[in-house]
Structures are given as C-alpha cells and as structure tokens.
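Chain by chain, the residues:
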Amino acid sequence: MRNKKEGTMMQMVRFKTRLSEEQLLKVAKEREPQFKAISRILQKYYLKLEDHEYGGVYVWDSIESLETYRTSDLAVSISDAYQVVEPPTIEMMDFLFELRA
C-alpha cells in the first residue's frame with residue numbers, strides 16, 4: 001500500500017550547535033520566509049532534541065524536490081547559519097501510508 005501522495009519523502013536532520021535556544025530560534029525565524037517560499041516542501045517541523053541538539057523534519061512532494069533542495073544555497077548554508085559543531089545526521093525516508101489525509 002502506497003501513500004496517497006505518490007513519491008512523498010521525509011528528511012530528518014539532526015545537528016549540534018554552539019547557539020543557545022534563543023539564538024537558534026532567532027536564526028530559524030529569520031530563515032523561515034525562505035523555507036515558506038519553497039512550494040515543493042509540504043511541511044517542515046523544527047525539533048528540540050537535547051541540550052544544544054536540534055533538528056528538522058522536512059516533508060517533500062518528491063525525491064526530486066528533496067534532491068534539488070539538498071544542493072540549494074539554503075540547504076548548504078545550514079551549518080554556518082546554525083553554527084553546527086559536527087557533521088549533521090541526515091536520514092531520508094519514504095512513507096508507506098498516512099493515518100489521516
């Protein structure tokens with residue numbers, strides 16, 4: 001059984017930062033319009049994981065959209081913008097189905 005939106009992909013990014021939560025939120029809010037401008041991103045969730053560890057869950061309309069984003073200036077700038085202290089963990093997942101449409 002496939003999901004309703006054929007090809008929908010999820011990407012999860014985890015990273016550690018030197019920034020305080022307040023500083024991180026300021027950067028995230030400044031960058032929010034750039035993410036909202038991406039029509040192919042269906043949703044983005046901002047995560048607080050542990051002390052100085054944060055992440056994002058991105059829901060994309062297709063693997064092609066995700067791959068286009070991964071090479072964009074916006075994606076490449078994440079490490080600098082958030083002062084990431086070690087390489088982020090990035091996972092890509094395909095959806096089997098949705099609980100709610």
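Above this text sits the structure in question.
Notes on the structure follow.

Calculation rules
- Residues numbered from 1 in each chain as written.
- Predicted model: local features only at pLDDT ≥ 70, side-chain atom pairs only at ≥ 80, totals over all residues.
- Heavy atoms only, no water.
- Phe/Tyr/Trp six-rings, centres within 6.5 Å; stacked < 30°, edge-to-face > 60°.
- Helix = DSSP H or I, 4+ residues; strand = E, 2+ residues; numbered from the N terminus.
- Buried < 20%, exposed > 50% of the residue type's maximum accessible area, 1.4 Å probe, protein only.
- Lys NZ or Arg CZ within 6 Å of the ring centre and 35° of its normal.
- Pairing = 2+ DSSP bridges.
- Axes fitted to C-alpha atoms, helices over the stretch in contact; angles between N-to-C directions.
- Contact = heavy atoms within 4.5 Å.

Summed over all chains, the structure comprises six aromatic pairs. Summarising the aromatic geometry, the rings of Y58 and Y69 are spaced 5.6 Å apart at their centres and angled 35° between planes, so their arrangement reads as tilted. With a gap of 11 residues between them, Y58 in strand 3 (residues 53–60) and Y69 in helix 2 (residues 63–70) connect regions that are remote in the sequence. Take Y58: its relative accessible area is 3%, and that puts it in the buried class. When the ring of W60 is compared with that of Y69, the centres are 5.0 Å apart and the planes differ by 35°; the resulting orientation is tilted. Of the two residues, W60 and Y69, both sit in the buried class. Put simply, the rings of F35, Y58, W60 and Y69 pair up and form one aromatic cluster. For K44, the ring lying beneath its charged end belongs to F35, and the centroid distance is 3.7 Å.

The next thing to look at is the sheet that holds strand 4 (residues 89–94). Strand pairing in a sheet relies on backbone hydrogen bonds. The paired strands run either parallel or antiparallel. The four strands lie next to each other as 2-3-1-4, forming an open sheet whose pairing is antiparallel. Edge positions in the open sheet fall to strand 2 (41–50) and strand 4, since each of these has one partner strand only. The mean angle between the axes of side-by-side strands here comes to 15°, regardless of whether they run parallel or antiparallel. Set on the sheet, helix 1 (residues 21–36) makes contact with strand 1 (9–16), strand 2 and strand 3; between it and strand 2 the angle comes to about 175°. Sheet contacts for helix 2: strand 1, strand 3 and strand 4; angle to strand 1, the most-contacted strand, approximately 30°.

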